[in-house]
Amino acid sequence: MVATTQRPMPGDRLLTEPLTQGEPGKWDGEFAAPPDLGRTVHIVGPVINVKPSDGPHAKNARGELGPIMFSHYRNRVSADPLARVTGGANHAADPKNVIAQWINRGPKGEINSERVAVDDPEAMTRHIKRVAHFFGADVVGVARAHPTMLNAGQISDEGTAVGGGEPEPLDEVCRKYPFIIVATTAWDHDKIQAHRHHIGDAAYHVSQQKAGLMLKSLEGYIKELGYSALRGVAHGQAAALAAGVGELGRNGMIITEKFGARVNMTGTLMTDLPLAPGRPIDIGVEDYCKVCRKCANSCPTNSITVGDKVVYNGIEKYKINWLTCYRLRPYVHQFWEDCLTCVAVCPYTKPNTWWRTLAIKSLQATPIPARGLVVRALKALDDRFWGIVRQKRVRWMGYDSGIKPGERACTIEGCTADHEEHGQSRGVSGDFGYYYPLKENTNRFVKRDGA
Amino acid sequence: MALRLGPLRIPWPGAAAKDPYWDAFINRPASDPRNAAQEVLRHAAGGAVNPNRVDLHSPEITAAHLRELAAFLGAERMGIVRLRDARADDATESESYPFAIVCAVKAAYDPRTAPGVGGQTPVRDGRFVTFTLAAYIREMGCRATNQKPADEQRLAAAAGLGTLNADGRLVPARGARIHVADEVVHTDLPLAPDGEA
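Given the structure is predicted, the values throughout are model-derived calculations rather than measurements.

1. Comments concerning the overall build of chain B
And then number 1: Of regular secondary structure, chain B possesses six helices and ten strands.
And then number 2: Of all 197 residues assigned to chain B, the portion counted as buried reaches 46%.
And then number 3: In chain B, once contacts between residues fewer than 6 apart in sequence are set aside, the share between residues at least 24 apart is 73%.

So this is what it looks like as structure tokens:
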């Protein structure tokens, strides 16, 4: 078996099995050397490419994670009407009410036969980044494709990755489509302060829908320029690292320079449009994550390691336990859909302001051996002003995280409706937000490894 | 690229001047309409009404919440119109909606004069907002449709988003360049209207 795990974690049993059958992940020619992914992630061995059908949702859809998870994923209408519309289509009363269904399943256009000549890839890269921002992207990057960044499996005639079948020769795919565009939207900062709450769900889901719409528009525009655009073939995080969009944090999230961890990197476009790829960046995540551990300490399921990096599937990185993270959901779905705690507490996740930029620039300007001191100073400031775990009360659209989980109350001033089920406004005061579940309540069924 | 001061457009040396592809992005029509996201959204029909109706707040509060949601989805303005003739004819109750919700989105370019993939982006944004608003109302358990009426500009004016000019186009009440979403949400969700039509 090529994939190795130095420190197995609870729930890793499924992951340590070979992900795909076939040739081990070694590549020849121009792809013999592994790609440069920056300081936070290193490829140190053969990487076996993951099939789209090996992802958590796909495993769950096949019932491999047990009946509770299967039922949670397939047979549940969300408790919150906004989450029904903006979240996964499985959780709406009618999936046709979810716009992502229409965006993802809409007809795909043909590539324009009149190809636009590109004399200067740098100029085209600037143009594509500007177009992506115009379509709504908050972060955009371009990476040079490498087989280790790709999902295994087939590519459909419409240019999307599909599982099963004979895998495509990935080095050939990279030669044919040498560039990966990584573009996504950021979650609203104020709303994800209500992590483990329907308000945070809204920030996550709506940004995901906007990202889907933006990528659909960008895909169509690249085809209009006369070039190919493949959706979902390349792995977003690997491409984001190579493109210089961000660095990989201890929480398993890409941490960007402007928005911190409040972005999700799932969508990519692989293209033959001549572009100029970016380079990995160094914003000090490697140094910060060694010291901080805020995400690991506040994760309700202990899915984030407090230990060192491990080598898994040939990649040296901090490895989260996705299974325990995922398995909490059926027990909390009446309070929230997506946790987001590791994102909300990350010191990099701040409003995009001058003092945040100053902190990152000061970290960047410090020589690497001396960064530990700066990190400790910045973390002390973060703990002092932002708290160790955010418990901020957030109110939006009638939602109020100041109401204790399980209680129902209308806290809107001036509401004259006869809330038969809620009761009228209660005396919820102060600035304290309640986020379910408390960590001590989850420790009973999810123990930290080695604890 | 131009610096815009209200109705004034002052040529400004910016990124567009160095971007040889921008003009085609804004003005060249798509060779295949399916490559334009707004065309994909045109066929988004929407689903059924959730039979389990949620507990509603008072109409003023509900209207304020919809306004917050529309802004979060990307609408620059949103207005609610009470339709006076909603039940005037013999229309059955299922075809009759007492309220119309009109949205306007920011438009860097006017979609009427910029037929390119980029120039049509406000149309896409408008459909995104109206679809999601209507879908949200349906999932709350009230009836709602998002369809293109013949008179969205008149409804926008009635909702207080601006006034109509001689051509029947909306002139925004404030100076921002906006595009009135071509689809309007009709609903029976109890709301506090901004005007009547």
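We are not done yet, so read on.
2. Concerning the overall build of chain A
And then number 1: Looking only at helices and strands, chain A has 17 helices and 13 strands in total.
And then number 2: In chain A, buried positions account for 49% of the 451 residues.
And then number 3: The contacts of chain A with a sequence gap of at least 6 include a subset with a gap of at least 24, amounting to 76%.

3. Remarks on the domain arrangement of chain A
Often, the extent of an interface is quoted as the loss of accessible area on bringing the components together.
Residue and element names in this part refer to chain A.
And then number 1: Looking at chain A, the domain boundaries give domain 1 (1–58 + 120–390) and domain 2 (391–444).
And then number 2: In this complex, domain 1 contributes 17 residues to the contact, which on the side of domain 2 involves 13 residues.
And then number 3: When residues of the side of domain 1 that touches domain 2 are traced back to their parent elements, those giving at least two are α7 (189–192) and α8 (198–224).
And then number 4: Classifying every residue of the side of domain 1 that touches domain 2 by side-chain character gives seven nonpolar, six polar and four charged.

4. A look at the sheet that holds strand β5 (residues 179–184) of chain A
All names here are of chain A.
And then number 1: Sheet architecture is open: four strands sit in the order β2-β5-β9-β6, paired in antiparallel fashion. Each edge of the open sheet is held by one strand with a lone partner, namely β2 (139–144) and β6 (229–231). Across the sheet, the mean angle from the axis of one strand to that of its neighbour is 25 degrees, orientation sign disregarded.
And then number 2: Note that β2 and β5 share six bridges and pair antiparallel. Across the sheet, residue Val 140 finds its bridge partner in β5, namely Ala 183.
And then number 3: Against the sheet, helix α5 (residues 121–135) makes contact with β2 and β5, and its axis sits at roughly 145 degrees relative to β2, the strand it touches most.

5. With respect to the nonpolar core
And then number 1: Counting 163 residues, the largest nonpolar core has B:Ile101 and B:Val102 as the members making the most contacts within it.
And then number 2: The dominant element in this core, judged by the number of residues it contributes, is α8(A), at twelve residues.
And then number 3: Structurally, this core is a two-domain feature, drawing no fewer than three residues from each of domain 1 (1–58 + 120–390) and domain 2 (391–444) of chain A.

6. Topic: the interface of chain A and chain B
And then number 1: At the junction of the two partners, chain A supplies 45 residues and chain B supplies 45 residues.
And then number 2: Elements represented by at least two residues in the side of chain A that touches chain B include exactly α3 (81–86), α4 (99–105), α5 and α8 of chain A.
And then number 3: Top element by residues in the side of chain A that touches chain B is α8(A). It accounts for eight residues.
And then number 4: Residues belonging to the side of chain A that touches chain B are distributed by class as follows: 23 nonpolar, eleven polar and eleven charged.

7. Some words on α8(A)
Residue and element names in this part refer to chain A.
And then number 1: Under the 1.5 Å per step criterion, the end-to-end length of α8 is 39 Å for 27 residues, consistent within 8% with the ideal 39 Å.
And then number 2: Burial of α8 is extensive: 27 of the 27 residues sit out of reach of the surface.
And then number 3: Just past α8, the residue Gly 226 takes up positive phi, approximately 100 degrees.

8. A word on the packing of helix α15 (residues 354–365) of chain A against helix α16 (residues 371–386) of chain A
Residue and element names in this part refer to chain A.
And then number 1: Packing of α15 against α16 leaves a shortest axis separation of 9 Å and a crossing angle of 160 degrees. When the axis of α15 is compared with that of α16, the two are roughly antiparallel. Every pair of crossing elements has a handedness; the one defined by α15 and α16 is right-handed. Together, Ala 359, Ser 362 and Leu 363 of α15 and Arg 371, Val 374 and Leu 378 of α16 make up the contact between the two elements.
And then number 2: Residues belonging to the contact of α15 with α16 are distributed by class as follows: four nonpolar, one polar and one charged.

9. A few points about the confidence of the model for chain B
In regions of low pLDDT, the predicted coordinates are not meant to be interpreted in detail.
And then number 1: Confidence in the prediction for chain B averages 88 pLDDT; 86% of positions are at 70 or higher.
And then number 2: Both scores are available for the predicted complex, with the pTM at 0.90 and the ipTM at 0.89.

10. What about unusual backbone geometry?
Residue and element names in this part refer to chain A.
And then number 1: Unlike most non-glycine residues, Arg 293 shows phi in positive territory, near 65 degrees.
And then number 2: When you line up the elements, Arg 293 lands in the loop between α10 (285–291) and α11 (294–298).
And then number 3: Arg 293 sits in the partly exposed class, given 15 other C-beta atoms within 10 Å.
And then number 4: For Asn 302, which is not glycine, the phi torsion reads 55 degrees and is therefore positive.
And then number 5: Note that Asn 302 resides in the loop between α11 and β10 (310–312).
And then number 6: Residue class for Asn 302 comes out buried when judged on the 22 C-beta atoms lying within 10 Å of it.

11. Looking at the pairing of strand β3 (residues 75–82) of chain B
All names here are of chain B.
And then number 1: Counting buried positions along β3 gives seven out of eight residues, so the element sits mostly inside the fold.
And then number 2: Two elements, β3 and strand β10 (residues 195–196), share two bridges in a ladder whose sense is parallel. Counterpart to Arg 82 in the pairing with β10 is Glu 196.

12. Details of the sheet that holds β10(A)
Residues and elements named next belong to chain A.
And then number 1: The antiparallel open sheet is built from three strands, whose spatial order is β1-β11-β10. Edge positions in the sheet fall to β1 (42–43) and β10, since each has one partner strand and no second.
And then number 2: Summarising the sheet, β1 and strand β11 (residues 315–317) pair through two bridges and their orientation is antiparallel. Its bridge partner being in β11, Ile 43 is matched across the sheet by Ile 315.

13. A short note on the environment of A:Ala143
All names here are of chain A.
And then number 1: Within the element layout of this structure, Ala 143 appears in strand β2.
And then number 2: Taking the C-alpha atoms as reference points, Ala 143 and Ala 239, 96 residues apart in sequence, are found 5.7 Å from one another.
And then number 3: Not counting residues within four places of it along the chain, the set of residues in contact with Ala 143 comprises Ile 180, Val 182, Ala 239, Ala 242, Ala 243, Pro 277 and Gly 278.

14. Overview of the confidence of the model for chain A
And then number 1: Averaged over all residues, the pLDDT of chain A is 86; the fraction at 70 or higher stands at 87%.
And then number 2: Counted against residues more than four places away or in other chains, residues 1–22 of chain A, with its pLDDT under 50, gives 46 contacts.

15. Looking at the packing of α5(A) against α8(A)
All names here are of chain A.
And then number 1: Following both chains from N to C, one finds α5 and α8 inclined at 140 degrees, their axes separated by 9 Å at the closest point. Taken as axis vectors, α5 and α8 run oblique relative to one another. Where α5 crosses over α8, the two elements pack in a sense that is right-handed. On the side of α5, the interface is formed by Val 131, Ala 132 and Phe 135, while α8 contributes Met 214, Ser 217, Leu 218 and Tyr 221.
And then number 2: For the contact of α5 with α8, the residue count by class is six nonpolar, one polar and no charged.

What counts and how
- Residues numbered from 1 in each chain as written.
- Chains lettered and ligands numbered in written order.
- Predicted model: local features only at pLDDT ≥ 70, side-chain atom pairs only at ≥ 80, totals over all residues.
- Helix = DSSP H or I, 4+ residues; strand = E, 2+ residues; numbered from the N terminus.
- Buried ≥ 20, exposed ≤ 12 C-beta atoms within 10 Å, placed from the backbone.
- Contact = placed C-beta atoms within 7 Å.
- Domains from an automatic or database assignment.
- Nonpolar A, V, L, I, M, F, W, Y, C, P; charged D, E, K, R; others polar.
- Pairing = 2+ DSSP bridges.
- Axes fitted to C-alpha atoms, helices over the stretch in contact; angles between N-to-C directions.
- Core = buried A, V, L, I, M, F, W, Y, C linked by C-beta atoms within 7 Å.
- Expected span 1.5 Å × (residues − 1).
- Parallel < 35°, antiparallel > 145°, perpendicular 65-115°, else oblique.
- Left-handed = near helix turned anticlockwise from the far one by under 90°.
- pLDDT = per-residue confidence, 0-100.

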